[in-house]
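Below are the chains, spelled out letter by letter.
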Amino acid sequence: MITLYHCDAARSFRPLWMLEEMGLPYELKMLPFPPRVFAKDYLALNPLGTIPFMIDGETRMTESSGICHYLGTRYAPTPLMVGSEDPAYGAFLNWMYFSDATLTFPQTLVLRYTQLEPEERRNPQVATDYARWFLGRLRAVEAAAANAETLCASRFTAADIVIGYALRLADSIGLAKDFGPNVAAYWARLQQRDGFKRAVAAEQKAGVEQNVAPRVRA
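Residues numbered from 1 in each chain as written. Predicted model: local features only at pLDDT ≥ 70, side-chain atom pairs only at ≥ 80, totals over all residues. Heavy atoms only, no water.

Asker: Where do I start with unusual backbone geometry in this structure?
Answerer: Here the bond from Ile51 into Pro52 is cis, since omega is 10°, no more than 30 degrees from zero. In this model, Ala76 is joined to Pro77 through a cis peptide bond whose omega is 0°. Position of Pro77 relative to the elements: it lies in the loop between helix 3 (64-74) and helix 4 (89-116). With a phi close to 60°, Asn211 is a non-glycine residue in the positive phi region. With respect to the element layout, Asn211 can be found in the segment after helix 9 (194-209). We classify Asn211 as exposed; its relative accessible area is 71%. (Helix = DSSP H or I, 4+ residues; strand = E, 2+ residues; numbered from the N terminus. Buried < 20%, exposed > 50% of the residue type's maximum accessible area, 1.4 Å probe, protein only.)

What follows is the structure, given as structure tokens:
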């Protein structure tokens, strides 16, 4: 049984969504955010104190996009993956890495300096600068979504999951109002997927059952 440690609306939503799209059995363990502060026992399991943390047999993983890649290849075949023989393979990998390194990184600084830091340490200028950084990098998604329903391979793939989470995070911290029309339409389509809806429902259900309150959002 796969075990996924998750915080409400955190990067661990990527593998949660992947699990739901693939129909794999899993156990969802909810933690308060950030767990390194509010769930110190978790550090014995994951010394980084970060989310996600996935256990699958002897496998331990902490990187959200990497977990999605692992699930798609370990439990293949699935149309969510793009094979190396496919002309879209390079684009697929690029989106998988772009999702965290380029899109999610600046958002974490917006979140930190608007919500997570104590009031006296919050910095509107830093938050504004990194919001602009994120929106500037989002131009790549705006262009890709101009003439296609999905990002690559002419179908929904794990690339849409990992980029889709970055859009969900942007929505939760108040940046969705600045989405371009193509990104806004793409994000609306992603939210209509049954797998996305099941992942959101699983997150909410586990939070209630495990008595872990959702994170306060912008």
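Asker: Sorry if this is basic, but what is going on with the sheet that holds strand 4 (residues 59-61) here?
Answerer: Note on sheets: strands pair through backbone hydrogen bonds, and any given pair is parallel or antiparallel. Pairing is mixed in the open sheet, where 4 strands are placed in the order 2-1-3-4. Strand pairing shows two members of the sheet lacking a second neighbour, strand 2 (26-30) and strand 4, which therefore form its edges. Each adjacent strand pair in this sheet contributes to an overall mean axis angle of 15°, direction not counted. Here 3 bridges tie strand 3 (residues 53-56) to strand 4, and the two strands are oriented antiparallel to one another. Residue Asp56 lies in a different strand from strand 4, and its bridge partner there is Thr59. (Pairing = 2+ DSSP bridges. Axes fitted to C-alpha atoms, helices over the stretch in contact; angles between N-to-C directions.)

Asker: In this structure, what is going on with the packing of helix 1 (residues 13-22) against helix 7 (residues 158-172)? I would like to understand it.
Answerer: Geometrically, a packed helix pair is captured by the angle between its two axes and the distance between the axes. Running from amino to carboxyl end, helix 1 crosses helix 7 at an angle of 135°, the nearest separation of the two axes being 9 Å. Here helix 1 is positioned oblique relative to helix 7, judged by the angle of their axes. Like other packed secondary-structure pairs, helix 1 and helix 7 cross with a definite hand, here right-handed. Where helix 1 abuts helix 7, its residues Phe13, Arg14, Trp17, Met18 and Glu21 lie against Ala158, Asp160, Ile161, Val162, Gly164, Tyr165, Ala166 and Arg168. Along the lines of polarity and charge, the residues of the contact of helix 1 with helix 7 split into 8 nonpolar, 1 polar and 4 charged. (Parallel < 35°, antiparallel > 145°, perpendicular 65-115°, else oblique. Left-handed = near helix turned anticlockwise from the far one by under 90°. Contact = heavy atoms within 4.5 Å. Nonpolar A, V, L, I, M, F, W, Y, C, P; charged D, E, K, R; others polar.)

Asker: Please clarify how the side chain of Arg168 should be interpreted in this entry.
Answerer: With respect to the secondary-structure elements, Arg168 resides in helix 7. By relative accessible area, Arg168 is classed as buried at 10%. In this structure the side chain of Arg168 is engaged in a polar contact, spanning 2.9 Å, whose partner is the side chain of Glu203. (Polar contact = N/O pair within 3.5 Å; in protein donor to acceptor, adjacent residues only side chain to side chain.)

Asker: Explanation requested: the packing of aromatic side chains in the structure shown.
Answerer: All told, the structure shown has 12 aromatic pairs when counted by the stated rule. Ring centres of Trp95 and Phe98 lie 5.4 Å apart, and the angle between their planes is 85°; on these two criteria the pair is classed as edge-to-face. Taken together, the residues Trp95 and Phe98, both in helix 4 and 3 residues apart, mark about one turn of the helix. For Phe98, a relative accessible area of 14% corresponds to the buried category. Between Phe105 and Tyr130, the aromatic rings sit 6.2 Å apart at their centres with planes inclined by 90°, giving edge-to-face as the arrangement. Taken together, the residues Phe105 in helix 4 and Tyr130 in helix 5 (residues 124-137) connect sequence positions 25 residues apart. Here Tyr130 falls in the partly exposed class, since its relative accessible area comes to 23%. In textbook terms, an aromatic cluster arises when at least three aromatic residues are bridged by ring pairs, as seen for Phe13, Trp17, Phe156, Trp187 and Phe196. Its guanidinium or amino end placed over the ring of Phe13, Arg168 lies 4.1 Å from that ring's centre, counting from NZ or CZ. Lying over the aromatic face of Phe156, Arg193 brings its terminal NZ or CZ to 3.6 Å of the ring centre. (Phe/Tyr/Trp six-rings, centres within 6.5 Å; stacked < 30°, edge-to-face > 60°. Lys NZ or Arg CZ within 6 Å of the ring centre and 35° of its normal.)

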